[in-house]
Structures are given as C-alpha cells and as structure tokens.
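# Structure at a glance
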Amino acid sequence: MTDTAACSPTSPTSLDPADPAAWEDFRAQAHRMLDDMIGHLRTLREQPVWRPIPEALRARWREPLPAQPVPVAELHRRFMAEVLPHAVGNAHPRFMGWVQGGGTLEGLLAEMLAAGLNANVGGRDQMPLEVERQVVHWMRELFDFPDTASGLLVTGSSTANLIGVLVARTRALGVDSRRDGLGADGLRLVAYTSAAAHGCVAQAMAIAGLGSAALRRVPVDADHRIEVAALRRMLAADRAAGLQPFLVVGTAGTVDVGAIDDLEALADLCAAERLWFHVDGAFGALARLSPRLAPRLAGIERADSLALDFHKWGQVPYDAGFVLVRDQAAQLAAFASPAAYLARHPRGLAAGSPWPCDLGPDLSRGFRALKVWFTVMAHGRERLGAAIAENCRLARRLAERVEADPRLALLAPVALNIVCLRYVGAAADPADGPRLDEAALDALNAELVADLHESGVAAPSTTMIGGRTAVRVALVNHRTVEADLDLLLEALHHFGQLRLRQARVSGAGLPILSDESSR
Ligand SMILES: *Cc1c(COP(=O)(O)O)cnc(C)c1O
C-alpha cells in the first residue's frame, strides 16, 4: 500500500501530521519506539524486576494540562526514563507475585494494530467482531461447551465473575427483576463458595445487590478444596430456614495456593439441587491447554458459566478476561436491552445480532480479541499448554528444594504453580541468630519479601496460610527458568541471614535493616 499521496487535504484542526515530511518523521519515531520496546523485552533478564519510584519523580507527574504540543520524541524519552523502569515488572522472568502474566511480543504488535484500527467492538457488522467470535468458538471447543454457548471478552475475571453472578441472579428471579428490582425473593437468595475463593466473588454479590453476607464461605480441606459435605449441610440449613440457594461458585486454581475444587462433585450437587454452577477459573482454567494438567480440571465442562483470564496463563497482554455461558439465552436475558439507537437491521452495519453489548454491561469496547487471536495463532495450543505445564514443573521443583532445606518451610501443598513458603532460619545453628517465634517469623517474612522487591532480584508476594505470613511464589511467566529459582532462593537466604544476624547483634526482637544495608 502506498500512502505518500494520501496526506492531503489536511484539516487545520486535525491531530494527524501536517505534511508529508511530518508523516515521515512520525514513521521514523514510531520505528524507534517499537525498537526500544523489543530491545527492552529482549534484555529483561539482565534488568531489575522492579525499581522503587524516586519521590522526586512521583512529584514531577503532577503537571498542569499542557496548552501546547510536546513532541512525541520527548514523550517517548520520558516514557523510557520515567515510566518503563518503575512498572510492576510482571513481564520479567523473576516476577513471581500476585498471579500475573508475562505478555507476548505478538500481543504487543496486536495492541498496536488494534489501536490503529480503533475498532469499537460493542456491536455492528464488522470483522473485529468475527475475531472475537473466533475466540469464543475456541473457548467452547477447549471447554467442551455446546456450539450455542455465548462468550464475551471483558477486563478481567473480576468482571467475568460478576457477569456469572448477574446471569445466575436473573435466572433465579426472572427477567422482570431487571425492571422491578430484587423484591422479597431477591433478599432470600444465597450463594456458596469456598473460604479460599477470590474476594471478587463476594464483591460481585455486593454489586449484584444480594449482599456479600448472602455468600456462604464453605470450609476447605487440607488441600484447600471446598468441603462438599459441609456445603451440603449449609445448603440444607439455608433451605430449612426459608432461604433460596441459587448459585455455587467453584474455583479452578485458588488465588492463595492454586487449589482446584472437586468440580465433578460440585457439578453433581448443582444438577441435583438445581443450582447455577459457576466456575472461577481466572488463571487455572487455561491449564486445560496442557494434556497432562487437563484431567485435574475434570467437571469444568459441566459449568453453567466460567470466568477466565487470557492475561494470566494465556500470556496475552493486559487486559483480557473472558466469560463463557452455556445457555446464551440466559446471558441475553440478563443484559440485552432494546434501544432505538441500537436497532438491528438485516443489512448494512446494523446487522449481525446478537452483539457483545447484548451479553454484558459495556457498549463501547476495545478490540481485545486481536491480541488473544495473535497470541493463540502465533504459538498454538501445544506451546501455550507446554508453558503452563513448565510453570507447574518448576513449582514442584521449588517445593522439593524448600522441603529439603531446614531453613525453609513449605506452608501449603502445591497443586499447580503456586508455592507458599516461609523463611524460618537455621534453628540448629545459633551463629545464624536467635530462634524466632511464629509472630516474629510473620514479620520477618513480610520484610524479606520487601527486601527482595527492593533488591530487584525477584518479586514474590505474601499471603496468609493458616494465620501465618507466607512468601507466595506464583509461577505464571513463560520466561521463568530454573536458574531464576536459584536466584530467588539465594537472595532469600542472603536477606534472611542478614536480618537474623542483625537481630542477634541488636538483641532486640525483630530486626529492621537500615536503608543502606538493604541496598
Ligand atoms: C486474578 C483472579 C481473579 C480476578 O481476576 P482479574 O483478572 O484480576 O479481575 C479472580 N479469581 C481468581 C482465582 C484469580 O486468580
């Protein structure tokens, strides 16, 4: 395609380059930016995972609205110097906190193309919508859902779980409840999920107007899976009390330890009790891409609705959540609304119903499907599945090393890719410092995680396991290799010994390192 002649006429108020020379400058600038980003990703491993934001820099980002243009080259310079070094670092192979995906190069390119097209994928007859339908088709295939199931790309699983709750609520109360509100029946609705479920499920109940207190938190077993017998008892007690159970939310990959509920048992129970079965598979669901891991998710194909994130184990750049609903009519009943300005027509741009705006709360929506399509097509099911399986293998390796090391303790079984461990010091060797009680170890491990962050070596996060602070290592990044685990453990021991030794010298409770010694 030639574009040299296509530059005129130019509106004096257009935001595009003003003349052919300015277009060429822009093109050269664009290439430099792409080169910088590819160079950054190529050299990630040699960079710190994270660098603290200098306060002077933070303060600089409170400028007044610029009245006049600033050259893009200057914006690019500021991005490289001020933004890029101080991001969270989840693209880095030693980012191991909070279950975040690493992104792909193809996703980067797709984001650029999608932004250039500037498609609004709320509806209308356009190929970007067919790309999204292709992604929906793949997810039906992956999870053995019927061809009639509907799906929608959303920001993330928080929204996907909310949509699951709203569809289940409308099913329970009838479509008139959208006009009339919850009514007396709505106030009696109760839902069930495990004590280890993600906080967004309770949040979804609150947003749905049902109240987070109407979400029963069922106890978990030693493997952090929902206790189905306890769920049965709670269900019976609620029915006896005149309440109306309507929904069970199972989890495929809990956020704290990566546990997978017994989804077959939950599906059986929901079928027998006529309850909506929703699965929060935010990161775990895509383990189905790996033939070795897929059997662990047995029962997920029986869900009424399923939430998952392409931006976690799918490695698609943020944001890319997804909800799949077995019965499209149920999803339409919860969201489709008649509006004159959204009228459909058999021909022209207004054809091709149903549209995404009929399946969720958003009307204007970006072209998220393109980065999913690029990532899946560029790597294929087998490679994406292999990356997931490798994360799980590395997690098992790390767990073995933790169990073999007297200075470390494993706090939870490793079901998938998350290892919860704790630095406990060398109880046998007094030279390493005093033995610490459990509360002091809690504080110590929280400090060690912050030490690791500030060192830039690795970035795990923390969680609570059985009331104790754990160092939580979640392996989600396709770039992580075993040598990264070596560096993590080396740094953990380094900071652990430093802090214990300092505690011995000071003789006073838990050591907090001074700023200089922690650098
Ligand atoms: C990450 C996560 C969520 C929330 O998903 P977002 O994409 O962050 O909105 C919900 N449930 C589980 C199990 C998660 O891991």
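Values in this document were obtained by computation on a predicted structure and should not be read as measured data.

## A few points about the overall build of the protein chain
Counting secondary structure elements, the protein chain contains 16 helices and 12 strands. A principal-axis box enclosing the C-alpha atoms of the protein chain has dimensions of 80 × 75 × 45 Å. Among the 519 residues that make up the protein chain, the fraction classed as buried is 48%. In the protein chain, the 53 positive side-chain charges and the 60 negative ones have mean positions that sit 2 Å from each other.

## Observations regarding the sheet that holds strand S12 (residues 468-474)
Across the sheet, five strands lie side by side as S1-S11-S12-S10-S9; this open sheet has mixed pairing. Only two strands of the sheet have a single partner each, and these edge strands are strand S1 (95-96) and strand S9 (408-410). Bridge analysis of S9 against strand S10 (residues 418-423) gives three bridges, and the strand direction is antiparallel. The residue bridging Leu410 from the neighbouring strand is Leu421, located in S10. Sheet strands touched by helix H13 (residues 368-403): S9, S10 and S12. Its angle to S10, the strand with the most contacts, is close to 20°.

## Digging into the site of the ligand
If you check the shell around the ligand, you find 13 residues, and the closest are Ser158, Asp280, Asp309, His311 and Lys312. Taking Lys312, its side chain carries an N or O atom lying 3.0 Å from an oxygen atom of the ligand. Burial of the ligand by the surrounding chains reaches 86%, relative to a free accessible area of 380 Å². Here the residues of the shell around the ligand are counted per class, giving four nonpolar, six polar and three charged.

Cut-off values and rules
- Residues numbered from 1 in each chain as written.
- Predicted model: local features only at pLDDT ≥ 70, side-chain atom pairs only at ≥ 80, totals over all residues.
- Heavy atoms only, no water.
- Helix = DSSP H or I, 4+ residues; strand = E, 2+ residues; numbered from the N terminus.
- Buried < 20%, exposed > 50% of the residue type's maximum accessible area, 1.4 Å probe, protein only.
- Lys, Arg positive; Asp, Glu negative; His and termini not counted.
- Charge placed at Lys NZ, Arg CZ, Asp CG, Glu CD.
- Pairing = 2+ DSSP bridges.
- Contact = heavy atoms within 4.5 Å.
- Axes fitted to C-alpha atoms, helices over the stretch in contact; angles between N-to-C directions.
- Near = heavy atom within 4 Å.
- Polar contact = N/O pair within 3.5 Å; in protein donor to acceptor, adjacent residues only side chain to side chain.
- Areas by Shrake-Rupley, 256 points an atom, 1.4 Å probe, with all protein chains shown as cover.
- Nonpolar A, V, L, I, M, F, W, Y, C, P; charged D, E, K, R; others polar.

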